Protein chains: 2
Amino acid sequence: MTAAVKPARAAVIGGGVIGGGWVARLIQNGVDVGIYDPDPEASRKIDAVMTNADAALGKLTMAPLPRRGEMRFAGSVAEAVAGAELIVEAVPERLDIKQAVYAEIEAAAAPDALISSSTSGILPSDLQAKMDRPERLLVGHPFNPVYLLPLVELVGGKSTSAETIERAAGFFAGIGMHPLRIRKEIEAFVADRFLEAVWREALWLVKDGIATTEEIDDAIRFGFGLRWAQMGLFETYRVAGGEAGMAHFIAQFGPCLKWPWTKLMDVPELTDELVQAISDQSDAQSGMHSIRELERIRDTNLVAILQALKANDWGAGRTLAAWETALYDAVPAATATDDTDQPIETMRQQVPAAWTDYNGHMNEARYLDCFSMATDAMMRRIGIDADYLAAGGSFFTVETHIRHLDEVTAGNEIFATSQVLLGEGKKMQLFHHLYADGADGPRLLATGEHMLIHVDMNSRSSSLPTDEVAAKLAALAAAHASLPRPDGAGRAIGG
Amino acid sequence: MTAAVKPARAAVIGGGVIGGGWVARLIQNGVDVGIYDPDPEASRKIDAVMTNADAALGKLTMAPLPRRGEMRFAGSVAEAVAGAELIVEAVPERLDIKQAVYAEIEAAAAPDALISSSTSGILPSDLQAKMDRPERLLVGHPFNPVYLLPLVELVGGKSTSAETIERAAGFFAGIGMHPLRIRKEIEAFVADRFLEAVWREALWLVKDGIATTEEIDDAIRFGFGLRWAQMGLFETYRVAGGEAGMAHFIAQFGPCLKWPWTKLMDVPELTDELVQAISDQSDAQSGMHSIRELERIRDTNLVAILQALKANDWGAGRTLAAWETALYDAVPAATATDDTDQPIETMRQQVPAAWTDYNGHMNEARYLDCFSMATDAMMRRIGIDADYLAAGGSFFTVETHIRHLDEVTAGNEIFATSQVLLGEGKKMQLFHHLYADGADGPRLLATGEHMLIHVDMNSRSSSLPTDEVAAKLAALAAAHASLPRPDGAGRAIGG
């Protein structure tokens, strides 16, 4: 198993849908990215991808995200790749263009920087043919939307070193992906050969009037598409074959291969008439949604499917879970020398649009989301990390009191500060203030008072924290004892 | 739109995986089914499918299910089909066997009984060639597992009447499926042509050592498989094409069709060696799970994916929602004179997977989500509807007190009951109890006490509700005044 280690710094050359998707995934994972794209619209296009990616991320995980990476638009390839450990190429699918870009990269990049091409089908041996250090080039073929779909196909060419593939696998795993090493190079690799096969057949079906684009999509998404989100072809058929096993299944299915069940032997000509028919049918099917709307629908569905699979500990859901575990692990345990003579800032973010309710403001339940994040940050501060959880200890909230003092709308920056009111034995009592930040200074939105009890995660009953955690909590409680008692502490409803 | 009307009575001829799946779906939807299969093991095999199907159904929906249909094993085709409106044929894929079965069916069935073949690829014109009443035969091609996947392809032959297709669509929609009418008959219809194309290509990839069965499955389920569960081929590409539109996308993609991206023109020979290689790889990939385990894993994933899509009102999730709506509609409506002398049930749902946090249980913030829903339900109860909001009135929560008393995990059913503690002037004070439901009765998870103030949505300051809302609130408060004061009301943190 390759160690997941995200790159210290990356560059993305080409800012289209795929390049923008790479930028979003890298930035969200805390990697600084230099970008080069000669298109004057590149910045606007990447902003649009980032907006989608942030909306999706907000729904995807509750794990503590790293400080966001910085995005830097460069004036040249050389400027973009300076200092990058990983250089992602996502320029148009033409060998001459890609080779020219590699020459520019090699002239400026660190000699051991990894160069990963996003090509969907060109052979890496061809890509690296004119390079000075071809051993560091590989194909890392992602799938749209890059910020949500975990698959990346890794393909080496004749000159690619084994170390390059290994390092790339580590980098991609480090930013939450599932690197799949393809054993031999072949045009279109694996996934796109299937897409290509289905695409050919689909063109024939439309051309021959067997089905419209919508009917073809329905034939996929109401049937085998639901199977393929979790198992692929062989595992699905293994199940279908039953106890008799895979060889029996193939023996049964085999003869069908001789039947006239395909028009794949030939390629339909893309006449103007066929293109128009497809375009018209697609308009009838999806034209009621703008492309932006369809992207949001797609992303919301993908998030929900990924979460569903995560809950079942399966497939792409496992990739998500592994990534979240790494995020929890990456949060530094409390250092002894932090400023503890004032409330600690424990969360800061923008109010997502999805947090707005029918009253046009952040929904009441989201106040507790904020306080929950603040509580998590305090727990990490006293040494509750992934190892501690795995060893069976945690704090559970047993009581919450919120004063909803002011409203806030989507897009505003909010932050919380936290202080310990009590920290002894099994008990931890916290008090959070939630503020909206703005030009006129912070505006108090709410206060949250919370009683937590330490639990043994195996027996699910109360228990004492470890001595180390108890000591850190006691130290923080002692430091905060000198702070004024917050307004509203100890209050009851209507009191 | 075809009216969904499930058949009064059905027969299934053939009790394999597909026949058993049909039996399960029909029975679960309250349809009595006669079954014929000469295999002495048929009953045991159908029981195994029913066990899976019932486990899946228990997780799939909370809607009120109809009285279960009766399953009757018959000693002959004639006995099975007696009185059936819908006769499903699921016997082996040989034209002569199927035609012989139709002859037996026609000799005994009602003259207008519908005959639906489950064939994956044989043309309905061939199937019906020797029938007395060929107009009533169609192909209704389902997908495994039939009790979960909604797709059924409807294909008529030369002699099939339009009325037959229409009736079949109604029957299948009536048992929660998505009938897809295929416009012209063609071998393998639509979905299986795609599966066949991918299967051919996959065989080459294994044969040539490009990828193992597991790697091929991963290339599907970590990437485009996640897209295909929700959108199909064309809608996905429409999004990928961006604002430039579908015609632009095709123009871009078109040239690839000329590239050597496929071996589909030829069929790999299924040598013993290749069959063995696939079988061995499949064992290495999935052999740690029995087929029964894989079936349960598959079904649990499918349920989660269907629910995820339902929450987003999309694709197969819509089919599920429509089926549930019909189930709810089938239950007599509550009378207008609701009980107000006890707390009111204000929310009920399953805990979504995404509500789970690192402690392995429903996150603390989700408790307030539940109470927020309960508060909304109480607001609707006293006349706060979309019109009222549009006219500028609403209640805002100003204070929340939660006692988190017990934990709950994803998939459990939870519900809330609510009572009014105070309802006068601008104030509304509510008290909610949140429970997990289960075989042993309700288990108290939390209580929520909430103070709300009526506001003028334009000035965002407090105001009196309309007389109508005030009167409804006062009436509910008066009715609830006789209820015992809930345990924990008026409590402060640590109090």
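So, here's what we can say about the structure. (Residues numbered from 1 in each chain as written. Chains lettered and ligands numbered in written order. Predicted model: local features only at pLDDT ≥ 70, side-chain atom pairs only at ≥ 80, totals over all residues.)

## Some thoughts on the overall build of chain A
Move 1: Helix and strand counts for chain A stand at 16 helices and 14 strands.
Move 2: Taken over the C-alpha atoms alone, chain A extends approximately 80 × 55 × 45 Å along its principal axes.
Move 3: Relative to its 495 residues, chain A shows a buried fraction of 53%. (Helix = DSSP H or I, 4+ residues; strand = E, 2+ residues; numbered from the N terminus. Buried ≥ 20, exposed ≤ 12 C-beta atoms within 10 Å, placed from the backbone.)

## Focus on the sheet that holds strand 3 (residues 71–73) of chain A
All names here are of chain A.
Move 1: Taken together, 8 strands build an open sheet; the order of strands is 3-2-1-4-5-6-7-8 and the sheet is mixed. This sheet does not close on itself; its edge strands, each paired only once, are strand 3 and strand 8 (178–181). Pairs of neighbouring strands in the sheet enclose a mean axial angle of 25°, with direction left out of account. (Pairing = 2+ DSSP bridges. Axes fitted to C-alpha atoms, helices over the stretch in contact; angles between N-to-C directions.)

## Looking at the nonpolar core
Move 1: One finds A:Ile87, A:Ile305, B:Ile87 and B:Ile305 to be the most contacted residues of the largest nonpolar core, which totals 276 residues.
Move 2: Every residue in contact with B:Ile305, bar those within four places of it in the chain, is listed here: A:Leu226, A:Ala229, A:Ile305, A:Ala308 and B:Ala229. (Core = buried A, V, L, I, M, F, W, Y, C linked by C-beta atoms within 7 Å. Contact = placed C-beta atoms within 7 Å.)

## A short note on helix 1 (residues 17–28) of chain B
In an α-helix there are 3.6 residues to a turn, and that puts residues three or four apart on one side.
All names here are of chain B.
Move 1: The end-to-end C-alpha distance of helix 1 is 16 Å, a good match for the 16 Å that 12 residues give at a rise of 1.5 Å each.
Move 2: Among the residues of helix 1, those classed as buried are Val17, Ile18, Gly19, Gly20, Gly21, Trp22, Val23, Ala24, Arg25, Leu26, Ile27 and Gln28.
Move 3: Directly beyond the C-terminal end of helix 1, a positive phi value near 85° is found at glycine 30. (Expected span 1.5 Å × (residues − 1).)

## What to know about the packing of helix 12 (residues 291–311) of chain A against helix 9 (residues 233–241) of chain B
Move 1: In contact at an axis separation of 9 Å, helix 12 of chain A and helix 9 of chain B are set at 120° when each is read in the N-to-C sense. Classified by the interaxial angle, the pair formed by helix 12 of chain A and helix 9 of chain B is oblique. The element helix 12 of chain A and its partner helix 9 of chain B pack so that their crossing is left-handed. When helix 12 of chain A is examined against helix 9 of chain B, the residues A:Ile291, A:Leu294, A:Glu295 and A:Arg298 are found in contact with a partner set consisting of B:Glu235, B:Arg238 and B:Val239.
Move 2: When the residues that make up the contact of helix 12 of chain A with helix 9 of chain B are grouped by side-chain class, the tally is 3 nonpolar, no polar and 4 charged. (Parallel < 35°, antiparallel > 145°, perpendicular 65-115°, else oblique. Left-handed = near helix turned anticlockwise from the far one by under 90°. Nonpolar A, V, L, I, M, F, W, Y, C, P; charged D, E, K, R; others polar.)

## Focus on the pairing of strand 6 (residues 137–142) of chain A
All names here are of chain A.
Move 1: In terms of burial, strand 6 is a largely internal element, 6 of the 6 residues being buried.
Move 2: Of the two faces of strand 6, the one carrying Leu137, Val139 and His141 and the one carrying Leu138, Gly140 and Pro142 are both buried.
Move 3: For strand 5 (residues 114–117) and strand 6, the ladder comprises 3 bridges, and the chain directions are parallel. Note that in strand 6 the partner of isoleucine 115 across the bridge is leucine 137.
Move 4: Taken together, the 5 bridges between strand 6 and strand 7 (residues 151–156) define a ladder with antiparallel strand orientation. In the strand pairing of strand 7, proline 142 is matched with valine 152.

## Section: the interface of chain A and chain B
Move 1: Residue-level contacts link 130 residues of chain A with 132 residues of chain B.
Move 2: If you tally residues by element for the side of chain A that touches chain B, the top one is helix 12 of chain A, at 15 residues.
Move 3: Partitioning the side of chain A that touches chain B into residue classes produces 70 nonpolar, 35 polar and 25 charged.
Move 4: Pairing geometry for strand 10 (residues 393–404) of chain A and strand 10 (residues 393–404) of chain B, over 5 bridges, is antiparallel. Across the sheet, the residue bridging to A:Ile402 is B:Thr400, located in strand 10 of chain B.

## Observations regarding the sheet that holds strand 2 (residues 32–36) of chain B
Move 1: Reading across from one edge, 3-2-1-4-5-6-7-8 (chain B) is the order of the 8 strands in this open sheet, with mixed pairing throughout. In this open sheet, the two edge strands, each paired with only one partner strand, are strand 3 (71–73) and strand 8 (178–181) of chain B. The average undirected angle you get between the axes of adjacent strands in this sheet is 25°.
Move 2: With respect to the sheet, helix 8 (residues 213–228) of chain A is in contact with strand 7 (151–156) and strand 8 of chain B, its orientation differing from that of strand 8 of chain B by roughly 150°.

## Considerations on unusual backbone geometry
Move 1: With an omega of -5°, the peptide bond running from A:Asn144 to A:Pro145 counts as cis.
Move 2: Tracing the chain through its elements places A:Pro145 in the loop between strand 6 and strand 7.
Move 3: Even without a glycine there, the phi angle at A:Phe189 is positive, about 60°.
Move 4: Here A:Phe189 lies in the loop between strand 8 and helix 7 (191–207).
Move 5: The class for A:Phe189 is buried, based on 26 C-beta atoms found within 10 Å.
Move 6: Even without being glycine, B:Arg460 reaches a positive phi, approximately 55°.
Move 7: Mapped onto the elements of the fold, B:Arg460 is located in the loop between strand 13 (443–456) and strand 14 (461–462).

## Some remarks on helix 4 (residues 95–108) of chain B
All names here are of chain B.
Move 1: In this model helix 4 runs 20 Å from its N-terminal to its C-terminal C-alpha over 14 residues, within 8% of the 20 Å that 1.5 Å per residue would give.
Move 2: By the burial criterion, the buried members of helix 4 are Lys98, Val101, Tyr102, Ile105 and Glu106. For helix 4, the buried positions fall inside an angular range of 135° around the axis, keeping them on one side. Every exposed residue of helix 4 that faces more than 90 degrees away from the buried side is listed here: Asp96, Ala103 and Ala107. (Arc of directions from axis to C-beta.)

## As for the environment of B:Gly393
All names here are of chain B.
Move 1: Mapping glycine 393 onto the fold places it in strand 10.
Move 2: Glycine 393 sits in the buried class, given 20 other C-beta atoms within 10 Å.
Move 3: For the pair formed by glycine 393 and threonine 466, sequence separation is 73 residues and the distance between their alpha carbons is 8.3 Å.
Move 4: Residue contacts for glycine 393: discarding those within four places in its chain leaves Tyr388, His454, Asp456, Met457, Pro465 and Thr466.

## Focus on the environment of A:Arg443
All names here are of chain A.
Move 1: Examined against the element boundaries, arginine 443 turns out to sit in strand 13 (residues 443–456).
Move 2: Along the backbone, arginine 443 and leucine 405 are 38 residues apart, and their C-alpha atoms lie at a distance of 9.9 Å.
Move 3: Look past the residues within four positions of arginine 443 in its chain and what remains in contact with it is Asp406, Tyr435, Ala436 and Gly438.

## Re the pairing of strand 5 of chain A
Residues and elements named next belong to chain A.
Move 1: Of the two faces of strand 5, the one carrying Leu114 and Ser116 and the one carrying Ile115 and Ser117 are both buried.
Move 2: Sheet analysis places strand 4 (residues 86–89) next to strand 5, joined by 4 bridges and oriented parallel. The residue of strand 5 that forms the bridge with valine 88 is serine 116.
Move 3: Regarding the hand of the β-α-β motif, the stretch spanning strand 4, helix 4 (residues 95–108) and strand 5 is right-handed. (Right-handed = clockwise from strand over helix to strand, strands pointing away.)

## Section: the packing of helix 9 (residues 233–241) of chain A against helix 8 (residues 213–228) of chain B
Move 1: Where helix 9 of chain A meets helix 8 of chain B, the closest approach of the two axes is 7 Å, and the angle between their N-to-C directions is 110°. Considering the angle they form, helix 9 of chain A stands roughly perpendicular to helix 8 of chain B. Together, A:Leu233, A:Phe234 and A:Glu235 of helix 9 of chain A and B:Thr213, B:Ile216, B:Asp217 and B:Ile220 of helix 8 of chain B make up the contact between the two elements.
Move 2: Residue composition of the contact of helix 9 of chain A with helix 8 of chain B, by class: 4 nonpolar, 1 polar and 2 charged.

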